[in-house]
Structure formats: C-alpha cells, structure tokens
Amino acid sequence: MRKRTFSLKAKLALLSAGSVLLLGSVICLVVLFVLSRTFNRQAADAVSLSSQGIDRLLRQDVDRTLSAVQLAASSSDLAQSAAGGASAALTTRLDEVVRLSGTDYACLLDPAGAIVAQAGRPPASPPRLAAAMMRKTAEGSATAGFEVPEPGRLEFRSAAPVRAEGKPRWILVLGTVLDGRTALVDEVKRIYGVECTLFAGDTRAATTIVRDGKRFTGTKMDNPAVLESVLRQGNPFFNRNRIGGLEYDTAYWPLRAADGTVVGMGFIGRDRDHVRTAYLHLFVTIAGSIAAVGLVILVLSLWMARSIGAHVHSLVEALLSGSDEVTGAAGQVSTASQHLAAASSRQASELEEASASLEEISSMVRSNTDNAEQSTGFAQQARTAAEHG
C-alpha cells in the first residue's frame, strides 16, 4: 500500500490550522471559566445586596409602625375614648389610627389581653398578644416584632401602652397580616427583580414563586442547612438552593419577635437559569469574536505558508540543480582519477621493466668485472713467469 505523503505547503497549513484551533480552544475554556466565576460571584453579591436593601426596608417599616403606635397611644383622645369602654367613638378613633398608620387593623386590649375594641381588617381569630409584648407594654415600653399566631400564619405587630392618670391602663396593638398577602412580596420583586418569600416558621406564608399557576404558599422549607442556620442559630444564609425543582442564588435571614426570638424567615432569590443564559450569551459572543479573529489568522497563516512554501520550493530546486552539477563534476573527477590510476599503473609496469633491465645490466657489469680481474691475474702470472724464465 502506498504511503500517503503531504507537501510542505499542506504541512504548514495543517500546523497553522492546528495552532489556531488549539489556541482558540484554550482561550474559549479560559473565558468560560472566568465568566462563570464572575457571573456567579456577581449574582451572589447582587442577592446579598438585595437582601440587605429589603432588610432595611423592613426595618424602616418597623420604625414607622412603632412610631405610629407610640403616637396613637399617647393621644389623650384615645385614652378618653377608652375610658368610656367599647363605643362607636372608640371604634372611630381606632379606624382613624389604622388609616394613618397604614396597617391592617388596630386593637385595644386590657391588661389581661382581652379585646376592648378593634377596627380595620382584623384576622378571623382574635389576635392574642405574645407574652413578651404583654410584659414590655406592662412595663410602659412600646415594642414591635413578627408573630406567628397560628402555624402557617405570619403577622407584624407593634404595641404600646395607653396611659390614664400616668399609668398603663390599656394596650394599643397595630397589626399587618402577612400570610397570603402578595402586595409586599410583589413590590420587592418589582423593585429588585428577585423572588421573595416570607416564612412563618418553616412554612411559606407569602411568596412570589409560582408553580403550575399557583403561588408556592403553604409549602415547607426542606433544606436542613437553611433551617439550622436561620431558624435555630439566627444567622443569615447565603448560598444556592433548589426550590420547586429550580436552582436559585438565595439569601435567607431571620424574622424576629419582640423579644428577639426567631419566628420566621425572609427569603429572596434569583433563578440561576437567567444567570446561565446571560453568561452563555456573552460567551457565545466572545467565542464568535475569537473564531472570527482565528479565521483571519488562519487565512494569513495559509497565505504565509503558501509564500514560504514557494520560496522553499525554489530553494530546493536550486539546491537540486547545484547537486546535479556537483554530481557531474564528481563523475568527471572520478573518470580522470581512473585514467590517472591507469597511467600510473602503466608507468609502474614500465618502471618495473626498466628496473629488471638495470639489474641484468648490473649483473653483466659485475660478471665482466670479475672476468677482467681474472684476466689481469693471468697476465701478471705470465709476466712473472717470463721474467724468471
């Protein structure tokens, strides 16, 4: 099977595309992580700030109602009307107190807590003042706080002593029914854009949360961490919580009675789907921008790869051409070397033949020399013999 190969241009293009894709992926993951953390922190901070704002509003209502009950209880007209017992004048006076204070009802109680007169829209069951309120008003002090008169019911009450001859004789109570009342929680949602719930104990007494077209009232808080932190320890709780199958960024804080006892909870929360939608929308926008920039970089990289590939191709062709020339020259050098080697071999052979001839001549010369020496010896002998002859 023939192995598939890629040209240099293709390799450069693949390298550029891979680099841009890897860099874009890393940037997108980092952006998603940073956006997620930032939006989560901002959502939690927004809920916390909203809870503080709502708590300030409730405290302002407490102060306003407390001032109203003190002002009404200090009125001599109310004391004079109360001295005459239950009467139309007393009821009229209490109606005026309700109208001026903006509360739901007003009750005048005797020191034993029995109702002397009432006006406005009192609850169906006669309001019973908590022992802490009874004790404080008996001591001559005004007081206010949340009360849970019955399971699932929640009221805000303020009370102050009505004096006669300088001594507390009656107790004026102003009350606002909160269970089933949507005006307050709906106003909070309109102002702050969050869901709002008021709990009587662990039961939702009033809420803006709607499921299947009905408000989520009468249902129980099922998160043990919230119950432990808020109802038992009296501390605020800031964390995520699932309510009716949806996840919320939440804030819970205690609602206290006149003596500081925790009798309920306030809640605000923002659906996390909105948070996810917001940062995913922003992430898609940023990712699209990164993709566009990456595409431009990729196109430039491909153009540069093509340009570099062309230059490299030209360089390779030049190198190949030079290589061919060098190869030809090397062949010529090799041929010349072979010729030179052959000539050297011939010269060596001739030198060997000349050397052999020289050796033969040298042998002949030595032989002639020996013969000459012998002839000389013979001649000397002949001359000596002739002289003695």
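Residues numbered from 1 in each chain as written. Predicted model: local features only at pLDDT ≥ 70, side-chain atom pairs only at ≥ 80, totals over all residues. Heavy atoms only, no water.

A. Expanded view of the packing of helix 2 (residues 76–83) against helix 3 (residues 88–101). Two elements in contact, helix 2 and helix 3, have axes whose closest approach is 8 Å; the angle formed by their N-to-C orientations is 145°. The handedness of the crossing between helix 2 and helix 3 is left-handed. Residues Asp 77, Leu 78, Ser 81 and Ala 82 of helix 2 pack against Ala 89, Leu 90, Arg 93 and Leu 94 of helix 3. Along the lines of polarity and charge, the residues of the contact of helix 2 with helix 3 split into 5 nonpolar, 1 polar and 2 charged. (Axes fitted to C-alpha atoms, helices over the stretch in contact; angles between N-to-C directions. Helix = DSSP H or I, 4+ residues; strand = E, 2+ residues; numbered from the N terminus. Left-handed = near helix turned anticlockwise from the far one by under 90°. Contact = heavy atoms within 4.5 Å. Nonpolar A, V, L, I, M, F, W, Y, C, P; charged D, E, K, R; others polar.)

B. A look at the packing of aromatic side chains. Taken as a whole and assessed by the stated rule, the structure comprises 4 aromatic pairs. Where Phe 199 meets Tyr 252, the ring centres are 6.3 Å apart and the plane angle is 50°; that geometry is what we call tilted. Taken together, the positions of Phe 199 in strand 6 (residues 195–200) and Tyr 252 in strand 11 (residues 246–256) put the pair 53 residues apart, joining distant regions of the chain. Tyr 252 carries the same exposure label as Phe 199, and that label is buried. The interplanar angle of 40° and the centroid separation of 5.0 Å between the aromatic rings of Tyr 252 and Phe 267 together place this pair among those described as tilted. (Phe/Tyr/Trp six-rings, centres within 6.5 Å; stacked < 30°, edge-to-face > 60°. Buried < 20%, exposed > 50% of the residue type's maximum accessible area, 1.4 Å probe, protein only.)

C. Up close: a nonpolar patch on the surface. On the surface, a cluster of nonpolar side chains totalling about 270 Å² of accessible area is made up of Leu 22, Val 26 and Val 30. Mapped onto the elements of the fold, Val 26 is located in helix 1 (residues 8–73). (Patch = residues over 30% accessible without salt bridge, like charges linked within 9 Å, V, L, I, M, F, W, Y side chains within 5 Å. Areas by Shrake-Rupley, 256 points an atom, 1.4 Å probe, with all protein chains shown as cover. Salt bridge = Lys/Arg side-chain N within 4 Å of Asp/Glu carboxyl O.)

D. Local environment of helix 4 (residues 131–138). Along helix 4, the residues that are buried comprise Ala 132, Met 133, Met 134 and Thr 137. Tucked into the core, helix 4 has its buried residues touching strand 3 (143–147), strand 4 (155–164) and strand 5 (167–177). At the exit of helix 4 stands Gly 140, carrying a positive phi of roughly 95°.

E. Layout of the pattern of salt bridges. For the coordinates displayed, the defined rule picks out 12 salt bridges. The residue Arg 121 makes a salt bridge to Asp 104 at a minimum N-O spacing of 2.9 Å. With Arg 121 in the loop between strand 2 (115–120) and helix 4 and Asp 104 in the loop between helix 3 and strand 1 (105–109), this pair connects stretches of sequence that are 17 residues apart. The salt bridge involving Glu 155 is made with Arg 157; its shortest N-O contact spans 2.9 Å. Assigned by exposure class, Glu 155 and Arg 157 land together as buried.

F. A look at unusual backbone geometry. Backbone geometry at Glu 165 places phi at a positive 55°, although glycine is not the residue there. You can see Glu 165 is positioned in the loop between strand 4 and strand 5. Phi is positive for Asp 212, close to 55°, though the residue is something other than glycine. Along the chain, the position of Asp 212 falls in the loop between strand 8 (210–211) and strand 9 (214–215). Asp 212 sits in the exposed class, given a relative accessible area of 82%.

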